[in-house]
Amino acid sequence: MSEAAQSPWQTAIISRVEKRTPRVTSFFFQPSRPFAYLAGQHVDVRLTAPDGYQARRSYSIASAPEAGETIELAIEKLEDGEVSPFFHDVAAVGDEVELRGPLGGHFVWSSSDEGPLLLVGGGSGVVPLMSMVRHRAARKSAVAVALVFSARIWDEVIFRDELIGLDDRKDGFNLVLTLTREPARRPSDYARRVDVAMMVQAIGRLPAPPRLAFVCGSNAFVSAAAQALIDAGIAPEVIRTERYGV
Amino acid sequence: MVTRGFSGRRPPTDNDARIPPGQYLEQGFPVLSAGPTPRVRAEDWSFTLKHGPRPIKKWNWAEFNALPLSKMTRDIHCVTAWTKFDTPWQGVLVDDILADAGIEPPTDFTLAHSFDGYSTNVPTKDLTIGKAMVALLYEGKPITADHGGPARLLVPHLYFWKSAKWLTGLQFTARDEPGFWELRGYHIYGDPWREQRYTNDP
Ligand SMILES: Cc1cc2nc3c(=O)[nH]c(=O)nc-3n(C[C@H](O)[C@H](O)[C@H](O)COP(=O)(O)OP(=O)(O)OC[C@H]3O[C@@H](n4cnc5c(N)ncnc54)[C@H](O)[C@@H]3O)c2cc1C
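Values in this document were obtained by computation on a predicted structure and should not be read as measured data.

1. Topic: the overall build of chain A
Along chain A, the regular secondary structure elements total six helices and eleven strands. In summary, chain A has a C-alpha radius of gyration of 18 Å against a globular reference of 18 Å for 246 residues, a match within 12%. Seen through its principal axes, chain A has C-alpha atoms that stretch 55 × 40 × 30 Å. Taking all 246 residues of chain A together, 59% fall into the buried category. Once local pairs closer than 6 in sequence are excluded, the contacts in chain A between residues at least 24 apart make up 70%. Carbon and sulfur atoms make up 51% of the accessible area of chain A, which amounts to about 9,600 Å² in all. On chain A, the mean spot of the 27 positive side-chain charges and the mean spot of the 30 negative ones are 3 Å from each other.

2. Observations concerning the overall build of chain B
Per the secondary structure count, chain B includes two helices and eleven strands. Mapped from its N terminus to its C terminus, chain B presents α and β elements in the order β-β-β-α-β-β-α-β-β-β-β-β-β. A compact globule built from 202 residues should have a C-alpha radius of gyration of about 17 Å, and chain B, at 17 Å, falls within 12% of that. Across its three principal axes, chain B shows a C-alpha extent of roughly 60 × 35 × 30 Å. The proportion of buried residues among the 202 residues of chain B is 54%. Considering only residue pairs separated by 6 or more positions, chain B has 66% of its internal contacts joining residues 24 or more positions apart. Summed over its atoms, the accessible surface of chain B is roughly 8,900 Å², and 54% of this surface lies on carbon and sulfur atoms. Taken together, the 23 basic and 23 acidic charged side chains of chain B have centroids lying 3 Å from each other.

3. A closer look at the interface of chain B and chain A
Contacts between chain B and chain A engage 34 residues on the former and 41 residues on the latter. Here chain B packs against chain A, burying approximately 3,100 Å² in sum over the two surfaces, 53% of which is carbon and sulfur. In this structure, the connection of chain B to chain A is made through three salt bridges. We note a salt bridge from Glu 195 of chain B to Arg 56 of chain A, for which the minimum N-O separation is 3.1 Å. Grouping the amino acids of the side of chain B that touches chain A by side-chain chemistry returns 14 nonpolar, eleven polar and nine charged.

4. Things to note about the sheet that holds strand E10 (residues 212-217) of chain A
Residues and elements named next belong to chain A. Spatial strand order, E9-E8-E7-E10-E11: five strands in an open sheet with parallel pairing. The strands lining the two open edges of the sheet, one partner per strand, are strand E9 (173-179) and strand E11 (239-243). In this sheet, neighbouring strand axes are inclined to one another by 10 degrees on average, regardless of whether the strands run parallel or antiparallel. Inspection of the sheet shows E10 paired to E11 by five bridges, in the parallel sense.

5. Structural notes on the confidence of the model for chain B
Note that predicted coordinates carrying low pLDDT should not be read in detail. Residue-level pLDDT values for chain B average 93, and 98% of them are 70 or greater. Under the prediction, the complex receives an ipTM of 0.83, its pTM being 0.82.

6. Quick notes on the site of the ligand
Near the ligand there are 21 residues, and of these Ser 58, Tyr 59, Asp 80, Val 83 and Ser 84 of chain A occur at the shortest range. Around the ligand, the neighbouring residues derive from chains A and B rather than from a single chain. Take Tyr 59 of chain A: an N or O atom from its side chain is 2.7 Å from an oxygen atom of the ligand. Within the backbone of Ser 60 of chain A, one N or O atom sits 3.0 Å away from a nitrogen atom of the ligand.

7. Brief notes about helix H5 (residues 196-204) of chain A
Residues and elements named next belong to chain A. Among the residues of H5, those classed as buried are Met 198, Met 199, Ala 202 and Ile 203. One side of H5 carries all its buried residues, which in axial view fall inside an arc of 135 degrees. Looking at the buried residues of H5, the elements they touch are strand E7 (117-122), strand E8 (145-151), E9 and helix H6 (219-231). Where H5 begins, the capping side chain belongs to Asp 195, and its oxygen is found 3.4 Å from the backbone nitrogen of Ala 197.

8. Section: the packing of aromatic side chains
As enumerated under the stated definition, the model contains 25 aromatic pairs over all chains in all. With centroids separated by 5.1 Å and ring planes inclined at 85 degrees, the aromatic side chains of Phe 107 of chain A and Phe 214 of chain A adopt a geometry described as edge-to-face. Residue Phe 107 of chain A is found in the loop between strand E6 (96-103) and E7, and its partner Phe 214 of chain A is found in strand E10; the two are separated by 107 residues along the sequence. Pair check on accessibility: Phe 107 of chain A and Phe 214 of chain A agree, each one buried. The interplanar angle of 15 degrees and the centroid separation of 5.8 Å between the aromatic rings of Tyr 159 of chain B and Trp 161 of chain B together place this pair among those described as stacked. We classify Trp 161 of chain B as buried; its relative accessible area is 9%.

9. Thoughts on the pattern of salt bridges
All names here are of chain A. In this structure the tally under the stated criterion is 33 salt bridges over all chains. The salt bridge involving Asp 155 is made with Arg 160; its shortest N-O contact spans 3.3 Å. Members of the salt-bridge network, linked through shared partners, are Arg 16, Glu 18, Arg 20, Glu 72, Arg 134 and Glu 162.

10. A word on H6 of chain A
All names here are of chain A. In this model, H6 (13 residues) spans 18 Å end to end at C-alpha, consistent with the 18 Å of a helix rising 1.5 Å per residue. Of the positions making up H6, those classed as buried are Asn 219, Phe 221, Val 222, Ala 225, Ala 226, Ala 228 and Leu 229. With its phi angle positive at about 100 degrees, Gly 233 sits one or two positions after the end of H6.

The rules behind these values
Residues numbered from 1 in each chain as written. Chains lettered and ligands numbered in written order. Predicted model: local features only at pLDDT ≥ 70, side-chain atom pairs only at ≥ 80, totals over all residues. Heavy atoms only, no water. Helix = DSSP H or I, 4+ residues; strand = E, 2+ residues; numbered from the N terminus. Rg over C-alpha atoms; globule rule 2.2 N^0.38 Å. Buried < 20%, exposed > 50% of the residue type's maximum accessible area, 1.4 Å probe, protein only. Contact = heavy atoms within 4.5 Å. Areas by Shrake-Rupley, 256 points an atom, 1.4 Å probe, with all protein chains shown as cover. Lys, Arg positive; Asp, Glu negative; His and termini not counted. Charge placed at Lys NZ, Arg CZ, Asp CG, Glu CD. Buried area = accessible area lost by both parts, 1.4 Å probe. Salt bridge = Lys/Arg side-chain N within 4 Å of Asp/Glu carboxyl O. Nonpolar A, V, L, I, M, F, W, Y, C, P; charged D, E, K, R; others polar. Pairing = 2+ DSSP bridges. Axes fitted to C-alpha atoms, helices over the stretch in contact; angles between N-to-C directions. pLDDT = per-residue confidence, 0-100. Near = heavy atom within 4 Å. Polar contact = N/O pair within 3.5 Å; in protein donor to acceptor, adjacent residues only side chain to side chain. Arc of directions from axis to C-beta. Phe/Tyr/Trp six-rings, centres within 6.5 Å; stacked < 30°, edge-to-face > 60°. Expected span 1.5 Å × (residues − 1).

Now the structure itself:
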């Protein structure tokens with residue numbers, strides 16, 4: 001991935017904005033110099049104030065590598081944050097920001113890496129996993145995947161309709177939703193925080209133990225979920241984590 | 001390029017000279033790692049100094065804790081853009097480890113190794129003459145597993161991924177060999193003041 005990481009800052013234009021949930025909005029960027037990327041990679045975004053002050057943050061790419069030149073970032077608004085409220089409250093179609101990418105060479109999956117694959121996401125931590133799920137669908141890959149996605153409530157399940165649509169295909173992709181502040185809506189879902197029993201059952205949906213497990217979300221979520229995977233018998237070597245902070 | 005409508009939050013501060021470019025001041029202590037948190041018990045811990053494949057000396061937890069303890073209170077800078085001021089550590093200076101092994105650094109390059117297979121490279125001169133330690137305490141207490149306990153490297157003047165958690169040894173190498181993140185797009189040296197985040201940054 002080191003060649004990719006050489007990419008310098010460039011400008012990108014916001015070409016589309018799509019509200020995903022009450023707190024998450026997708027921003028579609030058209031980079032001035034389009035680049036190839038792997039599912040799971042992120043970009044850095046840089047904002048500059050008139051006096052030269054700059055803020056930069058990382059955002060995972062939600063789109064599949066096959067999606068074309070436009071890059072989707074799904075950004076959750078943190079009320080007291082600096083960059084995410086700018087996107088939610090100020091940024092609009094036609095605006096330019098600086099962007100650098102693709103970045104990150106560890107938390108990546110390509111359909112040629114095979115599986116089975118266990119994906120565990122909390123809140124906006126589902127974003128890089130979504131890129132993997134979309135990549136699998138675009139490649140018509142037969143790799144078995146279980147995605148355990150924890151959200152507070154049904155309406156905060158980012159990409160909900162798309163994920164349920166993929167689950168309904170019964171082609172080896174299994175969606176396991178768990179809501180921490182509402183009852184489950186589907187028979188296959190849960191209404192509690194991720195735990196060992198849930199991981200054991202999610203693994204049970206795969207034809208064989210996962211060859212790779214990806215866990216992404218807040219610090220606390222990743223710590224808890226990775227420990228639950230280990231307690232469910234997954235070897236630490238197959239678990240890759242990405243922490244969004246806070 | 002000025003971003004339309006962006007003013008930034010930056011609280012008025014006298015600290016700007018202490019914050020490297022592109023960093024923001026963090027009050028908490030975020031945790032970052034490539035995999036699950038290894039739980040290394042002190043009884044199972046050991047530290048090995050190597051020259052290439054050859055072990056020079058190995059210490060167990062008690063032996064290592066018997067080495068001279070030094071204090072270091074430093075600002076730390078994570079490549080994910082947070083900077084934290086005045087983090088107080090105690091541990092064994094790399095100088096004191098070398099002295100106990102009775103050696104001068106045999107090569108110009110060092111790889112730090114961790115229990116979970118992580119590694120990171122640091123030029124030897126960035127580890128010696130008081131610049132770096134193997135930290136055992138944070139804020140006077142044992143370092144928690146999340147932050148790399150029981151022992152982590154502390155190289156405060158470089159981006160914090162160089163301060164390998166769950167440290168299990170230092171290895172002198174003939175060449176500058178990239179470690180885990182350096183093979184995955186991160187800068188070979190990692191000076192926060194020159195913003196050396198990714199491969200081929202200046
Ligand atoms: C590899 C990676 C990928 C990521 N991908 C995504 C993604 O796909 N989607 C997504 O939504 N996020 C993602 N993140 C998180 C993202 O980078 C930002 O951290 C997030 O958007 C918050 O930024 P912010 O500027 O809005 O908040 P910040 O200003 O950074 O604040 C974050 C929190 O810290 C506190 N805080 C920090 N500094 C101060 C201060 N000076 N004053 C007051 N409060 C403060 C606030 O309480 C706030 O809630 C990713 C992070 C990483 C590392």
